[in-house]
Amino acid sequence: MPELPEVETTRRGIEPHIKGQTVAKVSIRCPKLRWPIPKSLYKNLPGKTILAVERRAKYLLVRFEHGTLMMHLGMTGSMRISPATRQWKKHDHFALTFTNKKQLRLHDPRKFGSVLWYRGTDEKQKLLAKLGPEPLTDNFDADYLYNKSKKRTATIKQHIMNNHVVVGVGNIYASESLFMSGIHPTRAAGKVSKARMSTLVDNIKIILQRSIEQGGTTLRDFLNENGEPGYFAQQLNVYDRAGEQCVDCNRIIKSVVLGQRSTFYCPGCQR
DNA sequence: ATCGCCTCCTGCGCGC
DNA sequence: TGCGCGCAGGAGGCGA
């Protein structure tokens, strides 16, 4: 399940191979992703050159002079660079073939991903307009999160997973960052002190940054013919560890469902 | 404005 | 070993 570090790793992995390349052909094998892949891409992209590959939240933004190709990996999406002659694999839904005979492919078994197109600024793109700050920028700090949480009754875990509050904190890292911060996931967001909120902000940044750095070692996998990009084995302290002992206090890790999402915590370490 | 539930889809794990 | 069932999960949409 791509979290923000995997999306950033994907961006860094594909950028050197597609930036400056000119699209020769668009292939839509299965348009039924989260939203239909727009057919307008067939006429919009051929002959056009990629100017930049950027990221906002978990969206990859491929910039052209006349618009932006916006892609999301959903839960199971992955991208890779391959020769244009390589045969299609099951669940390869979308591809751009470039004039240098290389291809960018989107592979997504569960089809929760998306491929969209928009012209104009990001601010006018509906899905991007209301997003909160990037977690690794200075805009996301203790003052911001504390003020944003005042009077909020939602649990702190759901709060930090809310894209209007801060983007890119997925289910795994939400549990992990709360464990690192000693904050119980069911605590109301508005009831977390500023000091503890500051710790939480620091830990979210540390966890995401560390994961992005680990991803750096897998960048060459975007060119491999076989298998998926390796991504990285996470060092997880609580996620998916219900029933096991806490690494800090030896009490038993518990799980609870919040907002339809499994949540893991240590009843000894988190208050 | 905010909250909570629903939905999309497929592979996997579990029980038998 | 094989089969069938139920569930996980990102995040927008919607109703309250």
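Conventions we followed
Residues numbered from 1 in each chain as written. Chains lettered and ligands numbered in written order. Predicted model: local features only at pLDDT ≥ 70, side-chain atom pairs only at ≥ 80, totals over all residues. Heavy atoms only, no water. Helix = DSSP H or I, 4+ residues; strand = E, 2+ residues; numbered from the N terminus. Buried < 20%, exposed > 50% of the residue type's maximum accessible area, 1.4 Å probe, protein only. Polar contact = N/O pair within 3.5 Å; in protein donor to acceptor, adjacent residues only side chain to side chain. Contact = heavy atoms within 4.5 Å. Pairing = 2+ DSSP bridges.

A.B. asks: Honestly, the side chain of His72 in this entry has me stumped. Any pointers?
C.D. replies: With respect to the helices and strands, the residue His72 is situated in strand E4 (residues 67-72). His72 gets classed as buried once you look at its relative accessible area, which sits at 18%. Polar side-chain contacts of His72 include one of 2.8 Å to the backbone nitrogen of Gly74. Excluding anything up to four places from it in sequence, His72 contacts Lys58, Tyr59, Gly113 and Ser114.

A.B. asks: Explain the pairing of strand E7 (residues 102-107) to me, please; I cannot follow it from the model alone.
C.D. replies: Remember that side chains alternate between the two faces of the sheet whenever the strand is regular. Most of E7 sits inside the fold, with 5 of its 6 residues counted as buried. In the sheet, strand E5 (residues 78-83) pairs with E7 via 6 bridges, with the strands oriented antiparallel. Of the residues in E7, the one forming a bridge with Arg80 is Arg105. The sheet contact formed by strand E6 (residues 92-98) and E7 spans 5 bridges and is antiparallel. By the bridge assignment for E7, Thr97 is matched with Gln103. Here E6 hands over to E7 after 3 residues, with Lys101 in that stretch at a positive phi of 75°.

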